[in-house]
Amino acid sequence: MQNNVLTVTQLNYAVRHTLETEFSYIWLVGEISNFSQPVSGHWYLTLKDEQAQVRCAMFRMKNQRVNFQPKNGMQVLVRANVSLYEPRGDYQVLIETMQPAGDGLLQQQFEQLKMKLAAEGLFSQEHKKPLPNYVKTVGIITSSSGAALQDILNILGRRDPSLQIVIYPTMVQGKEATADIVQMIKLANLRKECDVLIVGRGGGSLEDLWCFNEESVAWAIYHSDIPIISAVGHETDVTIADFVADIRAPTPSAAAELVSRDQQERKRQLQHYQDRVNLAFDRLWSDHLRRFAYLRSRLMAQHPKKQLQLRQQQLLGVQHRMVQTIRMQLFHQQQTLKQFAQRVYLQHPQKQLERQKQQLNLLHKQLIQNMEQRFLAKQQKFKNVTQRLKHNPLPHSIRQQQHQWGKLEQRLVFAIQRKTTLSQQYFQQLCVKLEGLSPLKVLARGYSVTQNQQGVALVSTQHINVGDILYTRLEQGSVVSEVLSIEE
């Protein structure tokens, strides 16, 4: 029980916290009484109705935005939050905004509808249609007896009398005006006789203009296939129709100026364009005259016949140089061909084999001569020794040595004879092998050897091109040929 006991401070704090949480930013309507404005600038008042009242306060930073002077007995609409002054336990309302009650309710409805339609995309720029470049027929949806219609007709007649005008008379104030405006917008779209529609009226209070803040009018403007200009009230008046329309005009007169074309301005523009065209034509004509004079001077200075003769001479010179170049290239090719043929002839296998045979015979003769010379020298030396021994008898040991020398001489003669025989046999075998390896044996069986201009033997068509010169060696003679085609 004691745990639930509160102090007054705790109670007032809990109540203030509950009020500020549960009743933050409410709308409240009532009559002002006991209004006071002390030196601090804050407003203190009481809002009441037939059965109750509540104390209110509006601080200076908030009431500076109010555009009227509150008075006792005035009905107002306030946006506020509920709080509690803890030191005295006074329950009060802290006002954030204040406006007259009649217009205030309408303004609240206006803001709510504006937020709703904006969320649904009715104000999006991507859905707005541009005005035609050239307007021929203008439709006007407004009161047939209003001053706005006369202002529009006067401006259209003065600025562009050629425009055709279709009037769709409608009510622009009161409960029946909303349905009337929607019906006329649909009728204009059904007839399709206008290029643009002007929907509007003259100035008035928020309540007077309220038919242009209805949701049905907004949807009718949004679904219109004809571009619509909203021209409602004065420049400071803003309606839902202004946000949905393709273009907003501050006044009906401004809407008429948007769709009309000032004849004087058009004449000035046409004159300006004509002056620019004339200037451009004069400049172009002058450029052509200068070009013509230049070409004429060139033509007179150098006649086409002279040009033709000069070109013929140049052509003959080019032809002569081309013939000389071809002849020179042909001569060089023939010289190169002769050089290759001479190199092929000198490097022929038969010529090389003959040179090798000659060199082998020369070496064989030199070998025999050297062996004979060495043999004769040894023999002469032996005879000299024998003659000295005959005149000067030697001891027994010398006779034994002489006997050994005789055997040695026999062995030397036998070795020389044997080596000579082996050399002759080796030479004969080498000749037989060379004869068997000679390409002439292959050529004798009907084969041939083909070489390119560089003397390289060809074994494949990969390195041959059409137009190449080839040399083919036969058993007897050779053939020089040109490649006409290649077959894999």
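Our structure is the block above this text.
If you're wondering where the values come from, they're calculated on a predicted model, not measured in any experiment.

Trainee: How should the overall build of the chain be read in this particular structure?
Mentor: Within the chain, the regular secondary structure consists of 13 helices and 13 strands. Per-residue burial for the chain yields a buried fraction of 28% across its 488 residues. A separation threshold of at least 6 residues defines the contact pool for the chain, and within that pool the share at least 24 residues apart is 62%.

Trainee: Explain the packing of helix α5 (residues 177–191) against helix α6 (residues 215–222) to me, please; I cannot follow it from the model alone.
Mentor: Helices that pack against each other are described as a pair by the angle of their axes relative to one another and the distance between those axes. Between α5 and α6, the least distance of the axes is 9 Å, while the angle of their chain directions is 10°. It follows that α5 is roughly parallel to α6 by the angle criterion. Along its contact with α5, which presents Thr178, Ile181, Val182 and Ile185, the element α6 presents Ser216, Val217, Ala220 and Ile221. The residue makeup of the contact of α5 with α6, split by class, is 6 nonpolar, 2 polar and no charged.

Trainee: Just checking my understanding: could you explain the pairing of strand β5 (residues 90–100) for this structure?
Mentor: Strand residues, when the strand is regular, have side chains that alternate between the two faces of the sheet. Taken together, the 2 bridges between strand β3 (residues 53–58) and β5 define a ladder with parallel strand orientation. The residue of β5 that forms the bridge with alanine 57 is leucine 94. Examined bridge by bridge, strand β4 (residues 75–85) and β5 share 10 bridges and lie antiparallel to one another. Across the sheet, residue valine 82 finds its bridge partner in β5, namely valine 93. In textbook terms, the turn of a hairpin is the stretch between consecutive antiparallel strands, and for β4 and β5 this stretch comprises 4 residues, one of which, glycine 89, has a positive phi near 70°.

Trainee: So what exactly am I meant to see when it comes to the nonpolar core here?
Mentor: Generally speaking, soluble globular proteins have nonpolar side chains that are buried together. Residues Tyr168, Leu197, Phe212 and Ile221 are the most contacted members of the largest nonpolar core, which totals 34 residues. Only α3 (101–119), β7 (164–169), α5, β8 (196–201), α6, β9 (228–232) and α7 (240–244) provide two or more residues apiece to this core. A total of 6 residues in this core trace back to one element, the largest contributor, which is α5. Ignoring any residue separated from it by four or fewer positions in sequence, one finds tyrosine 168 in contact with Gly139, Ile140, Ile141, Thr142, Met184, Leu187, Ala188, Arg191, Glu193, Cys194 and Leu197.

Trainee: Can you help me understand the sheet that holds strand β11 (residues 449–451) in this one?
Mentor: Note: strands within a sheet are paired through backbone hydrogen bonds, in either parallel or antiparallel orientation. As summarised here, the arrangement of the 3 strands in space is β11-β12-β13, forming an open sheet in which the pairing is antiparallel. The sheet is open, and its two borders are formed by β11 and β13 (478–482), each paired with just one other strand. Averaged over neighbouring strand pairs, the angle between their axes works out to 25° when direction is ignored. Direction of pairing for strand β12 (residues 469–473) relative to β13: antiparallel, over a ladder of 5 bridges. Residue pairing across strands places isoleucine 469 opposite glutamate 482, the latter belonging to β13.

Trainee: Can you walk me through a positive patch on the surface in this structure?
Mentor: On the surface, Arg374, Lys378, Lys381 and Lys419 cluster together to form a positively charged patch. The element best represented in the positive patch is helix α11 (residues 349–391), accounting for 3 residues. Mapped onto the elements of the fold, lysine 381 is located in helix α11. When its relative accessible area of 55% is taken as the criterion, lysine 381 is described as exposed.

Trainee: I would appreciate a short explanation of the pattern of salt bridges in the present structure.
Mentor: Per the counting criterion, the structure on display carries 9 salt bridges. Ionic pairing is found between glutamate 86 and arginine 16, a salt bridge with its closest N-O pair at 2.4 Å. With a gap of 70 residues between them, glutamate 86 in the loop between β4 and β5 and arginine 16 in helix α1 (residues 8–22) connect regions that are remote in the sequence. For lysine 116, the salt bridge identified is with glutamate 215, shortest N-O distance 3.2 Å.

Trainee: Is there a simple way to explain the sheet that holds β9 in this structure?
Mentor: Read across the open sheet, the 5 strands follow the order β7-β6-β8-β9-β10; overall the sheet is parallel. Two strands in the sheet have a free side with no partner beyond their single neighbour: β7 and β10 (247–248). Here 2 bridges tie β9 to β10, and the two strands are oriented parallel to one another. Paired with isoleucine 229 across the bridge in β10 is isoleucine 247. Strands in contact with helix α4 (residues 147–159) are β6 (137–142), β7 and β8; relative to β6, the strand with the most contacts, it is inclined by about 165°.

Trainee: It is not clear to me how α6 should be interpreted in this structure. Could you clarify?
Mentor: In an α-helix, one full turn covers 3.6 residues, which means residues spaced three or four apart are oriented alike. For α6, every residue scored as buried is listed here: Val217, Ala218, Ala220 and Ile221. The arc enclosing the buried residues of α6, seen along the axis, measures out at 160°, which places them on a common side.

Trainee: Before we go on, may I ask you to explain helix α8 (residues 252–259) in this structure?
Mentor: Of the residues making up α8, those classed as buried are Pro252, Ala254, Ala255, Ala256 and Val259. Looking at the buried side of α8, the elements it contacts are β6, α4, β8 and β9.

Trainee: Sorry, what's going on with the packing of aromatic side chains here?
Mentor: Two aromatic rings are characterised by how far apart their centres lie and by the angle between their planes. Tallying each qualifying case throughout the model produces 4 aromatic pairs. Ring centres 5.3 Å apart and planes at 35° place the aromatic pair phenylalanine 123 and phenylalanine 243 in the tilted group. One end of the pair, phenylalanine 123, is in the loop between α3 and β6; the other, phenylalanine 243, is in helix α7, and 120 residues separate them in sequence. The class for phenylalanine 123 is buried, based on a relative accessible area of 17%. Ring geometry for phenylalanine 281 against tryptophan 285: centres 6.4 Å apart, planes inclined by 15°, an arrangement best described as stacked. With a gap of 4 residues between them, phenylalanine 281 and tryptophan 285 both fall in helix α9 (residues 263–301), about one helical turn apart.

Trainee: It is not clear to me how unusual backbone geometry should be interpreted in this structure. Could you clarify?
Mentor: Note: most residues except glycine have negative phi, and most peptide bonds are trans. Although it is not a glycine, asparagine 34 adopts a positive phi angle of roughly 55°. Counting through the fold element by element, asparagine 34 comes out in strand β1 (residues 26–36).

Trainee: Please clarify how the packing of α4 against α8 should be interpreted in this entry.
Mentor: One way to put it is that α4 packs onto α8 with a least axis distance of 8 Å and a crossing angle of 30°. Taken together, α4 and α8 sit at an angle that is classed as roughly parallel. Crossing of α4 against α8: the hand is right-handed. Along the contact surface, α4 presents Ala148, Asp151, Ile152, Ile155, Leu156 and Arg159, while α8 presents Pro252, Ser253, Ala256, Glu257 and Val259.

Conventions adopted
- Residues numbered from 1 in each chain as written.
- Predicted model: local features only at pLDDT ≥ 70, side-chain atom pairs only at ≥ 80, totals over all residues.
- Heavy atoms only, no water.
- Helix = DSSP H or I, 4+ residues; strand = E, 2+ residues; numbered from the N terminus.
- Buried < 20%, exposed > 50% of the residue type's maximum accessible area, 1.4 Å probe, protein only.
- Contact = heavy atoms within 4.5 Å.
- Axes fitted to C-alpha atoms, helices over the stretch in contact; angles between N-to-C directions.
- Parallel < 35°, antiparallel > 145°, perpendicular 65-115°, else oblique.
- Nonpolar A, V, L, I, M, F, W, Y, C, P; charged D, E, K, R; others polar.
- Pairing = 2+ DSSP bridges.
- Core = buried A, V, L, I, M, F, W, Y, C linked by side-chain atoms within 4.5 Å.
- Patch = residues over 30% accessible without salt bridge, like charges linked within 9 Å, V, L, I, M, F, W, Y side chains within 5 Å.
- Areas by Shrake-Rupley, 256 points an atom, 1.4 Å probe, with all protein chains shown as cover.
- Salt bridge = Lys/Arg side-chain N within 4 Å of Asp/Glu carboxyl O.
- Lys, Arg positive; Asp, Glu negative; His and termini not counted.
- Charge placed at Lys NZ, Arg CZ, Asp CG, Glu CD.
- Arc of directions from axis to C-beta.
- Phe/Tyr/Trp six-rings, centres within 6.5 Å; stacked < 30°, edge-to-face > 60°.
- Left-handed = near helix turned anticlockwise from the far one by under 90°.

Just geometry here; none of it tells us what the structure is for.
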